[in-house]
Amino acid sequence: MNEHVHEAMDLTKNQSLVMGALTRSKGPLSAYTILDQLRDNGFRAPLQVYRALDKLVEFGLVHRLESLNAFVACRHPGCDGDNTIAFMICEKCGQVNEITDNALAKRLKQLAGDASFALKKTTIELRGICRTCQVA
């Protein structure tokens, strides 16, 4: 996500610092890793990080990877957090790629509707080995 987008959202200092840590990271970060990275910026308690993360997730700037209990900055411009989002997670190097697929989203919504289920959000995590690690 473009840094200018989150600056324009009027983020708090803590939210901006957490967003910066995630944006600079090459992979997902746990809340405790973020806390360790930001101790010199005045972060002392996990609750400070979790509050910032909760808001950033709410704003659609950050996604939570449930299977890793970690967070990544949104890398898909225009992602609004309400669509179907899929993450390809490399089990070797930890790289995470965010993808969206309208056909998949439509099919999942249809399946939910057929089951009289009011679908709110869908997050799919695909685990495997990325192309770079396959070649290595």
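Each residue is numbered by its place in its chain's sequence as written, counting from 1. Side-chain atom pairs in this predicted model are given and counted only at pLDDT of 80 or more, local residue features only at pLDDT of at least 70, and totals for whole chains, interfaces and linings cover all residues. Excluding hydrogens and water, the side-chain values take into account all heavy atoms of the structure.

All right, on to the overall build of the protein chain then. Looking only at helices and strands, one finds 6 helices and 5 strands in the protein chain. Think of it this way: any DSSP run of H or I at least four residues long counts as a helix, any run of E at least two long counts as a strand, and we number them from the N terminus. For the protein chain, the α and β elements follow one another from N to C terminus as α-α-α-α-β-β-β-β-α-β-α. Only protein chains enter the calculation, and the probe is 1.4 Å; a residue is then buried if its accessible area is under 20% of its type maximum, exposed if over 50%, and partly exposed in between. Here the protein chain, with 136 residues, has 32% of them falling under the buried criterion. Within the protein chain, contacts between residues at least 6 apart in sequence are counted, and of these 55% link residues at least 24 apart. Only the protein chains shown count as cover for residues, with accessible areas throughout obtained via the Shrake-Rupley method and a probe of 1.4 Å. Summed over all atoms, the accessible surface of the protein chain reaches about 8600 Å², with 50% contributed by carbon and sulfur. For this analysis, residues touch if any pair of their heavy atoms sits within 4.5 Å.

To continue, consider the state of the cysteines. The term disulfide is used for any two cysteine sulfur atoms that are within 2.5 Å. Going through the model one piece at a time under the given rule, you end up with 0 disulfides. C130 takes part in no disulfide bond, and the closest cysteine sulfur, belonging to C133, lies 3.7 Å away.

A pairing counts as a salt bridge when a side-chain nitrogen of Lys or Arg comes within 4 Å of a carboxyl oxygen of Asp or Glu. Tallying each qualifying case throughout the model produces 4 salt bridges. Put simply, E66 and R64 hold a salt bridge, and the shortest N to O gap is 2.3 Å.

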